[in-house]
Every structure is written in C-alpha cells, then in structure tokens.
Amino acid sequence: MLKDCEAKDLQEFIPLINQITAKFKIQVAPFLQQMFMPLLHAIFEVLLRPAEENDQSAALEKQMLRRSYFAFLQTVTGSGMSEVIANQGAENVEQVLITIIQGAVEYPDPIAQKTCFIILSKLVELWGGKDGPVGFADFVYKHIVPACFLAPLKQTFDLADAQTVLALSECAVTLKTIHLKRGPECVQYLQQEYLSLQVAPEIIQEFCQALQQPDAKVFKNYLKVFFQRAKP
C-alpha cells in the first residue's frame, strides 16, 4: 500500500492507522514499530516531490498531507506509544523530531503548528525528566525552547486569527511543561542564555515570573501580550 503513493492515498491510509492505534493502543505496538519508518519515508517522498510554483492544488495536497503526518504522530504519542518512536534508532528519531520543529515554526499553517506543539509538550512530559532518553534534554534547549519563540515571532503568525491563538496556547503549554520537567534549570537557561541576548532584563524577569505562575491561564494570557509587543 505504501509503494508509489500519491498524497491522496496516504491521506486515506493515515486516518485508518490513527483509528487502529487509538482503539487498540499497546496491542498494535509491534505492527506500528514495523511500519513506522516505511510510512514516514512514503510521506517524506511525496512531500519532497517538486511541483509547479503556482500549482495551488498540489500545494494544498501537501499541506493536508503534512497535517495528516502530524496527526499520526500526535495519535502515537497521545496513545502512550512514544516508545514506537524512541525505538526507531537515534538517526530516525532525530529526523522525526526535527520535522516536528519544522512543522511548529516553518509552515504558515496554524492547524499543523498547534498539533506540533501538542506533540512537543507530550514528548517533553514523557522524556523531559532526568531519566529521559540520552540527548533529549539538549534537544529541548537547542530546538524546542527556540521553536516556542520563533514560531509566534513570524510575520505569518497572525494573533488576530482564532486558529493561531490556539497554536499559541499549545506553545504556552509546551513552555510550561518544560518548566515543570526541568524546574529552575529552565528558568536559569532563559534568564542567562536564551533571552539575555535580545530581551531587556526587566522583560526577562517578567517573563520568567509569568512562566512560574501555577495557573497556566495566566501564562497563556501573558504570552499573547508578550508576542503582540515583541512583533515589529
């Protein structure tokens, strides 16, 4: 089924896999383990196919396939089967993680961005502690934290749009989850390394205080104002 696929074929195939995964969970783990990378390679192959610059229907097909891909990863992580990803080998795991970061930051599609932040916060929740996979804590600081700032600062990230506001809300959840799992180390990183290069000290202080508020809603509201002020 995965040989010589078109975007439409994959878009019909992925929801079926999602339903099976969500229903049977751990029972289908061996099957998922086996078909995970072949499915991803088929998706990547279709997404990387060149298309005419003005071909709107090809662009839309790719956008919908990208959404389906992230929905698949959300189903896997949300069904308690993150091990299916973790067991794919270091190189493949890194490739998958980088595609999630790209989905969160690079494509002006708030629906996909929201899904990507949901996946990232779930992975941080599962792997972000002291006993998480080797190298994941580094990945959090090198890629996930920057994604939480780079995505909302894009000109295409329109805070007047309802879907974009939902994506920002999941971005806030991701930052809160990182703080929950990494504690004072996360605050120290923001204060001394990441934010110190481009943000005034009093704003950094304000940001970190909002992040440490127990009420997640306070931070979500603060983050929206923060990025409204930060945009040129």
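Naming follows an unreviewed UniProt entry, where the protein appears as Exportin-T of Sciurus carolinensis. Under the heading Sequence similarities (unreviewed entry), UniProt records this for the protein: "Belongs to the exportin family." Quoted verbatim from the Function (unreviewed entry) field of UniProt, the annotation for the protein is "tRNA nucleus export receptor which facilitates tRNA translocation across the nuclear pore complex."

This part is about the packing of helix H5 (residues 90-105) against helix H6 (residues 110-127). One can describe the packing of H5 onto H6 by two numbers: an axis separation of 7 Å at closest approach and a directional angle of 135 degrees. The orientation of H5 relative to H6 falls into the category oblique. Crossing of H5 over H6 shows left-handed handedness. Together, Leu97, Ile100, Ile101, Gly103, Ala104 and Val105 of H5 and Gln113, Cys116, Phe117, Ile119, Leu120 and Leu123 of H6 make up the contact between the two elements. A class-by-class count of the residues in the contact of H5 with H6 yields 10 nonpolar, 2 polar and no charged.

To continue, consider the nonpolar core. Generally speaking, soluble globular proteins have nonpolar side chains that are buried together. If you look at the biggest cluster of nonpolar residues, it comprises 78 residues, and the most contacted ones within it are Phe72, Leu73, Phe149 and Phe207. Sort the elements by how many residues they give to this core and helix H2 (residues 29-47) lands first, with 12 residues. Here Phe207 is in contact with Phe149, Leu175, Leu190, Leu195, Phe219, Tyr222, Leu223 and Phe226, once residues within four sequence places are set aside.

Two residues of an α-helix separated by three or four positions point the same way, owing to the 3.6 residues in each turn. Between its first and last C-alpha, H5 extends 23 Å over 16 residues, near the 22 Å set by a 1.5 Å rise per residue. Along its buried surface, H5 packs onto H2, helix H3 (56-78), helix H4 (82-86), H6 and helix H7 (136-153).

Turning to the state of the cysteines, a few remarks are in order. The tally for this structure, following the rule as stated, stands at 0 disulfides. Free cysteine Cys116: the closest other cysteine sulfur is in Cys148, separated by 12 Å.

Calculation notes
Residue numbers restart at each chain and count upward from 1, following the sequence in its written direction. Only residues with pLDDT of at least 70 are given local features in this predicted model, and only at 80 or more are side-chain atom pairs given and counted; all residues enter the totals for whole chains, interfaces and linings. To obtain the side-chain values, all non-hydrogen atoms of the structure were used and water was disregarded. UniProt positions are given in the numbering used here, feature names are shortened, and annotations may be inferred rather than shown by experiment. Axis definition: a line fitted to C-alpha atoms, over the contacting stretch in the case of helices. Angles run 0 to 180 degrees between N-to-C directions. Only DSSP runs of H or I reaching four residues or more are called helices, and only runs of E reaching two or more are called strands; each is numbered from the N terminus. Oblique is the label for any angle not covered by the other classes, which are roughly parallel (under 35 degrees), roughly antiparallel (over 145) and roughly perpendicular (65 to 115). Handedness of each helix crossing follows the sense of rotation of the near helix against the far helix: counterclockwise by less than a right angle gives left-handed, clockwise gives right-handed. When checking whether two residues touch, look at their non-hydrogen atoms; a contact exists if any pair is within 4.5 Å. Put simply, Ala, Val, Leu, Ile, Met, Phe, Trp, Tyr, Cys and Pro go in the nonpolar bin, Asp, Glu, Lys and Arg in the charged bin, and everything else, Gly too, in the polar bin. Put simply, a nonpolar core is a bunch of buried Ala, Val, Leu, Ile, Met, Phe, Trp, Tyr and Cys residues held in one set by side-chain atoms that sit within 4.5 Å of each other. Three labels apply to residues, based on accessible area from a 1.4 Å probe with only protein chains included: buried if under 20% of the type maximum, exposed if over 50%, partly exposed otherwise in between. Here the expected span of a helix is defined as 1.5 Å times the quantity of residues minus one. Working definition: a disulfide is two cysteine sulfur atoms within 2.5 Å of each other.

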